[in-house]
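If you want the building blocks of each chain, they are given just below.
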Amino acid sequence: MNWDDETDTAAERIVGAAAEGDDQAVEAALRPKDLGEFIGQEKVRQQLDLVLRAARQRGATADHVLLSGAPGLGKTTLSMIIAAEMNAPIRITSGPAIQHAGDLAAILSSLQEGEILFLDEIHRMSRPAEEMLYMAMEDFRVDVIVGKGPGATAIPLDLPPFTLVGATTRAGLLPPPLRDRFGFTAHMEFYEPHELERVVTRSAGLLDVAVDPAGAAEIAGRSRGTPRIANRLLRRVRDYAQVKADGMITREIAAAALGVYEVDSRGLDRLDRAVLEALLKLFGGGPVGLSTLAVAVGEERETVEEVAEPFLVREGLLARTPRGRVATPAAWSHLGLVPPQAAGPGGAGSGGGKGQAGLFGM
Ligand SMILES: Nc1ncnc2c1ncn2[C@@H]1O[C@H](COP(=O)(O)OP(=O)(O)OP(=O)(O)O)[C@@H](O)[C@H]1O
C-alpha cells in the first residue's frame, strides 16, 4: 500500500499519520528512550534486542538495520533507541535531503566510529547517492570523484565502521542490492488497540494529564493503529477535558471531544465517512468507479484514492475490485445502514440509519 501518498496529501488531517503542526515538538518529549519503554512490536523488539546485545558483547558495530512500515509507527523512535542501546551518537538525515552523491560523501566521511546514521525515506534517495551507499555499507569505503569529464578521478576514502538505520514506508521500492545490504530488516505493523491504550496512558503520564483506562481505550480505538495519531488525539482530548470538564479524561469526555473533531468510534474522519456514505447511500454499496465516487463527495479522484481509501481498505470497509469500489458488510453495519438485499422493498439504507448526518450536510 502506498503510505507515502497518504502522507503527502493528508496534511492537516487530525487522523493523518504524517507529523504536522506542533507534533514534532511534543513528540521529542514522548519518545520512548529504550527498548524496554517501547510499546508493542514484540517480534521486532525481541529480534533487535538480540542483534544489539550480540554486537555489544562482541564490542562491534551493529549490522545495518532496515525499518519498514507506515508513517508514525515509531521508526525514528527505534533508530534513536538503537543509538541509545549502543551508546553511540546518531546522525539523522533523509533520502530527499541527499540530492547528490557528494552530499552523502560529506555525511559519511564525517561519521565517528560506531555512529548510527539514520536515513529516513531511504527509497527517495538519488540514484548516484544510492550507489555510493552500497560500497559504504559493505566495505566502509567511498570513492570521492574529483574533477569532471575525462579528467575526473576517483579517490578512495576509508570510512569508520558505522550502522546505517534506513527507514522506508515502501520496502518494495528499494532496489534489491540495497535491501540485501541490510543485516536485519524489521517490518513494523500497525498497533493493536490494547497497545495503543498503553501508549496513551504512558503519554498522558508524561504530559501530566489524568486519563482513566476507559478514556485511554476510547482514544486508542480511534487512533488507526498509529501511536503518532494516538498522541495527537490525546492532546486534543486534553484540551476538551480542560475547557469543558474538570480535566479528567473519561470514556465520555474522549468520545465527546473526538466527536467535535469528527473522528468516529473507529477512527474514520469526515472525509472517510463521506466516501463511505456516498458509496452506500448513492450507489447501493457499489461497484462504482473511482471518478464517480470522487464527484459524489466533491473531492479530487486522487484525494479519495490516496487519502481516504487506504484506511477504509485496511479496515475492511471498502474493497477495490476491477469493476469499481465496493462496500463490505462491515461498512453497512458501521454506518448503521441495511444492505439492499436485506432491506427488502424500499432499497438501500432507506430506513434505519442511526442518526446519520446527511451526506451533503457534513
Ligand atoms: N512503540 C511505541 N511506544 C510508544 N510511543 C511510540 C511508539 N512508537 C511511536 N511512538 C510515538 O509516536 C510518535 C511518532 O513516532 P516516530 O516519529 O518514531 O514515527 P515514524 O515511524 O518515524 O514516523 P515517520 O515515518 O512519519 O517519520 C512519537 O512521538 C513516539 O513517541
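The structure contained in this document is the topic of the report that follows. (Residues numbered from 1 in each chain as written. Predicted model: local features only at pLDDT ≥ 70, side-chain atom pairs only at ≥ 80, totals over all residues. Heavy atoms only, no water.)

Residues Ile-253, Ala-254, Ala-257 and Leu-258 constitute the buried set of helix H11 (residues 251-260). The buried residues of H11 occupy one face: seen down the axis, they fall within an arc of 120°. Contact partners of the buried residues in H11: helix H9 (213-221) and helix H10 (227-244). Looking one or two residues past H11, Glu-262 carries a phi angle of roughly 60°, positive in sign. (Buried < 20%, exposed > 50% of the residue type's maximum accessible area, 1.4 Å probe, protein only. Helix = DSSP H or I, 4+ residues; strand = E, 2+ residues; numbered from the N terminus. Arc of directions from axis to C-beta. Contact = heavy atoms within 4.5 Å.)

Attention now moves to the site of the ligand. Around the ligand lies a shell of 19 residues, among which Ile-39, Lys-75, Thr-76, Thr-77 and Arg-228 are the nearest. Contacts to the ligand include Thr-77, whose side-chain N or O atom sits 2.5 Å from an oxygen atom. Between the ligand and Arg-228 there is a distance of 2.7 Å, counted from an oxygen atom to a side-chain nitrogen or oxygen. About the coverage of the ligand: the protein hides 94% of its 630 Å² of free accessible area. Residue assignment for the shell around the ligand shows that the elements contributing at least two residues are helix H2 (23-30), helix H4 (75-85) and H10. Each residue belonging to the shell around the ligand can be placed in one class, and the counts come to nine nonpolar, five polar and five charged. Of the residues that make up the shell around the ligand, three or more belong to each of domain 1 (41-187) and domain 2 (193-260). (Near = heavy atom within 4 Å. Polar contact = N/O pair within 3.5 Å; in protein donor to acceptor, adjacent residues only side chain to side chain. Areas by Shrake-Rupley, 256 points an atom, 1.4 Å probe, with all protein chains shown as cover. Nonpolar A, V, L, I, M, F, W, Y, C, P; charged D, E, K, R; others polar. Domains from an automatic or database assignment.)

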